[in-house]
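Commentary on secondary and tertiary structure
The residues making up each chain are set out below.
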Amino acid sequence: MAEEGVWMSRYHYFFARGKLDIAAMRDAARRLVGEHDYRNFCKLDPNVSSFVRRISAFEVRPVEPPPGTVGGAGEGRAGLAG
């Protein structure tokens, strides 16, 4: 699910807890924060000249209900293509 503002977008992800390694997910989320080139994760588009995106925050935490659900929430700025 995404919520978009003028400059920022927020993304929410939900997972059934199962055997997820929450500590590893939090470590991975911390590594996403900052400005990175996401070229390998984007659809190639000749009209886009920059694949650099800035993620300002990303957290992983338990979410209820339903019981045992884990949520991830991130926010960032994609910038303008061109």
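A brief report on the enclosed structure follows. Predicted, not measured: the structure shown is a model, and the values here were computed from it.

**Let's talk about the overall build of the protein**
Check the secondary structure of the protein and you find 1 helix and 5 strands. Starting at the N terminus and ending at the C terminus, the protein contains elements arranged as β-β-α-β-β-β. In the protein, buried positions account for 20% of the 82 residues. Long-range contacts, defined here as pairs at least 24 residues apart, represent 48% of the contacts in the protein between residues at least 6 apart.

**A few points about the pattern of salt bridges**
A side chain with one charge may pair with a side chain of the opposite charge, provided their charged atoms come close. This model, assessed by the stated rule, comprises 6 salt bridges. One salt bridge in this structure joins Arg31 and Asp27, with 3.0 Å as the shortest N-O distance. Of this pair, Arg31 and Asp27 both sit in helix H1 (residues 22–32), 4 residues apart, which is roughly one turn of the helix. Classification of Asp27 by relative accessible area gives partly exposed; the value is 28%. A cluster of three or more residues bridged by salt bridges with shared partners is formed by Asp27, Arg30 and Arg31.

**Some remarks on H1**
At 3.6 residues per turn, the α-helix brings residues three or four places apart onto the same side. Among the residues of H1, the N-terminal cap falls to Asp21, whose side-chain oxygen and the backbone nitrogen of Ala23 are separated by 3.3 Å. Immediately downstream of H1, the backbone of Gly34 shows phi near 120°, a positive value.

**A few points about a nonpolar patch on the surface**
A grouping of Tyr11, Tyr13, Phe15 and Leu20 is seen on the molecular surface, where their side chains present a nonpolar patch of about 350 Å² in accessible area. Turning to its location among the elements, Phe15 is positioned in strand E2 (residues 9–16).

**What to know about the packing of aromatic side chains**
Evaluation of the coordinates by the stated rule reveals 2 aromatic pairs. Ring geometry for Tyr13 versus Phe58: centroids 6.2 Å apart, planes at 25°, classification stacked. With Tyr13 in strand E2 and Phe58 in strand E4 (residues 52–63), the pair connects residues that are 45 residues apart, well separated along the chain. On the basis of relative accessible area, Tyr13 is assigned to the partly exposed category, the value being 39%.

What counts and what doesn't
Residues numbered from 1 in each chain as written. Predicted model: local features only at pLDDT ≥ 70, side-chain atom pairs only at ≥ 80, totals over all residues. Heavy atoms only, no water. Helix = DSSP H or I, 4+ residues; strand = E, 2+ residues; numbered from the N terminus. Buried < 20%, exposed > 50% of the residue type's maximum accessible area, 1.4 Å probe, protein only. Contact = heavy atoms within 4.5 Å. Salt bridge = Lys/Arg side-chain N within 4 Å of Asp/Glu carboxyl O. Polar contact = N/O pair within 3.5 Å; in protein donor to acceptor, adjacent residues only side chain to side chain. Patch = residues over 30% accessible without salt bridge, like charges linked within 9 Å, V, L, I, M, F, W, Y side chains within 5 Å. Areas by Shrake-Rupley, 256 points an atom, 1.4 Å probe, with all protein chains shown as cover. Phe/Tyr/Trp six-rings, centres within 6.5 Å; stacked < 30°, edge-to-face > 60°.

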